[in-house]
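Listed below are the residues making up each chain.
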Amino acid sequence: MRIARFSIDGNVAFGAVEGSSPDELVLDIIKGIPFADFELSGTKVPLSKVRLLPPVLPNKVVAFGRNYAEHAKELGNEVPEAPFAFFKPSTSVIGPGDEIAYPSFSQDLHHEAELAVVIGRMCREVPRERVKDVILGYTCANDVTARDVQKREKQWARAKGFDTSCPLGPWVETDLDPSDLTIQCTVNGQQRQLGRTSEMIHPIEDLIVNISEAMTLLPGDVILTGTPAGVGPLGVGDEVAVTIEGIGTLTNKVIKRG
């Protein structure tokens, strides 16, 4: 099931995305929230009549860096022996079609296409064999990074946590095997990144085990799983799109920060 979060006539709701042709997609409005038992209302609205929002509002976004060997290599970094985590705040999250504001303190903004895992239930110290039980589904993410700031400041809070630095969407796909999916990023229609989730150094199970050893994960929390090689610059006016096999495409435009 594809679960979207959207607004219509000033109201916010979740809906199940139905249909295959982009021009014929509709939302069957969900009674309740997708993190508990819910029913479909049978009330359907065309996707073209709503505004898609970030598919979840996470309490926290836990991101794992250098989880693809070729990406680590292209930036001159060693591959970490254990998963390497950092945070992006909830205020960094935007949805499909929202604008990425180029931070005033950077001159080298980069895209990073990633598979995002959405947590479906509160959990802590999750054993590897139960990881699938705590996952609601998967969505597309762009770990937008102020690369010059990342290099200069060493700590990544500003470089990766600024407002609008975490586009998510367009929806959460709950029925998906994430082990070998194509990840692609284009800028103004030109391909920049192309990789597969099977190239991850540490698979999703290991990432969830690693972070849940340290902290409680809440429904709606998001885990970013790393980016394949090919990261590169974004400029004001660029349109960046992240496409993941079996999920869809997340598109955002870069604007000058006002």
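Above this note sits the structure.
Worth saying up front: this structure is predicted, and the values here are computed from it rather than measured.

**Quick word on the overall build of the protein**
A tally of regular secondary structure across the protein gives four helices and 20 strands. Taking 2.2 N^0.38 as the reference for a compact globule, 258 residues should give roughly 18 Å; the C-alpha atoms of the protein span a radius of gyration of 17 Å, in line with that estimate. Counting all 258 residues of the protein, 53% fall into the buried class. Excluding contacts between residues fewer than 6 apart, the proportion of contacts in the protein whose partners are at least 24 apart in sequence is 69%. Accessible surface for the protein amounts to roughly 11700 Å². Of this, 48% is attributable to carbon and sulfur atoms. Positive and negative side-chain charges in the protein, numbering 26 and 35 respectively, have mean positions lying 6 Å apart.

**Quick notes on the sheet that holds strand 15 (residues 182–187)**
Here we have five strands laid out as an open sheet, ordered 9-20-19-15-16, and mixed in their pairing. Each having just a single partner strand, strand 9 (99–102) and strand 16 (190–196) make up the two edges of the open sheet. For this sheet, the mean inter-axis angle between neighbouring strands, taken without regard to orientation, is 20°.

**What about the pairing of strand 12 (residues 135–142)?**
Across the eight residues of strand 12, eight count as buried, placing the element largely inside the fold. Alignment of strand 11 (residues 113–119) against strand 12, held across seven bridges, turns out to be antiparallel. The residue bridging Ala116 from the neighbouring strand is Thr139, located in strand 12. Pairing of strand 12 with strand 14 (residues 166–173) involves three bridges; the strand directions are antiparallel. Within strand 14, the residue paired with Ala141 across the bridge is Leu168.

**Things to note about the packing of aromatic side chains**
Any pair of aromatic rings gets described here by the distance separating the centres and the angle formed by the planes. Enumeration over the complete set of coordinates arrives at four aromatic pairs. Centre to centre, the rings of Phe86 and Trp156 are 5.0 Å apart; their planes meet at 70°, and the pair counts as edge-to-face. Residue Phe86 is located in strand 7 (residues 84–88), and its partner Trp156 is located in the loop between helix 2 (147–153) and helix 3 (157–161); the two are separated by 70 residues in the primary sequence. Judged by its relative accessible area of 9%, Phe86 falls in the buried class. Ring centres of Phe105 and Phe162 lie 6.3 Å apart, and the angle between their planes is 80°; this geometry places the pair in the edge-to-face category. Pair noted here: Phe105 is in the loop between strand 9 and strand 10 (109–111) and Phe162 is in the loop between helix 3 and strand 14, with a separation of 57 residues, a long-range link.

**A word on the sheet that holds strand 18 (residues 232–234)**
Strands pair in a sheet through their backbones, by hydrogen bonds, and they do so in one of two ways: parallel or antiparallel. Strand order in the open sheet made by the three strands is 13-10-18, with antiparallel pairing throughout. The open sheet has two edge strands, strand 13 (145–146) and strand 18, and neither has a second partner.

**Some points on the nonpolar core**
Within the largest apolar cluster, 53 residues are counted, with the highest numbers of intra-cluster contacts made by Ile208 and Ile223. When residues in this core are grouped by element, the largest group, five residues, is from helix 4 (residues 204–212). The residues contacting Ile208, other than those within four sequence positions of it, are Ile119, Val126, Val131, Val134, Leu217 and Ile223. In terms of nonpolar packing, the next biggest core, distinct from the first, is built from 15 residues, Phe86, Leu136, Ala141 and Cys166 among them.

Cut-offs applied
- Residues numbered from 1 in each chain as written.
- Predicted model: local features only at pLDDT ≥ 70, side-chain atom pairs only at ≥ 80, totals over all residues.
- Heavy atoms only, no water.
- Helix = DSSP H or I, 4+ residues; strand = E, 2+ residues; numbered from the N terminus.
- Rg over C-alpha atoms; globule rule 2.2 N^0.38 Å.
- Buried < 20%, exposed > 50% of the residue type's maximum accessible area, 1.4 Å probe, protein only.
- Contact = heavy atoms within 4.5 Å.
- Areas by Shrake-Rupley, 256 points an atom, 1.4 Å probe, with all protein chains shown as cover.
- Lys, Arg positive; Asp, Glu negative; His and termini not counted.
- Charge placed at Lys NZ, Arg CZ, Asp CG, Glu CD.
- Pairing = 2+ DSSP bridges.
- Axes fitted to C-alpha atoms, helices over the stretch in contact; angles between N-to-C directions.
- Phe/Tyr/Trp six-rings, centres within 6.5 Å; stacked < 30°, edge-to-face > 60°.
- Core = buried A, V, L, I, M, F, W, Y, C linked by side-chain atoms within 4.5 Å.

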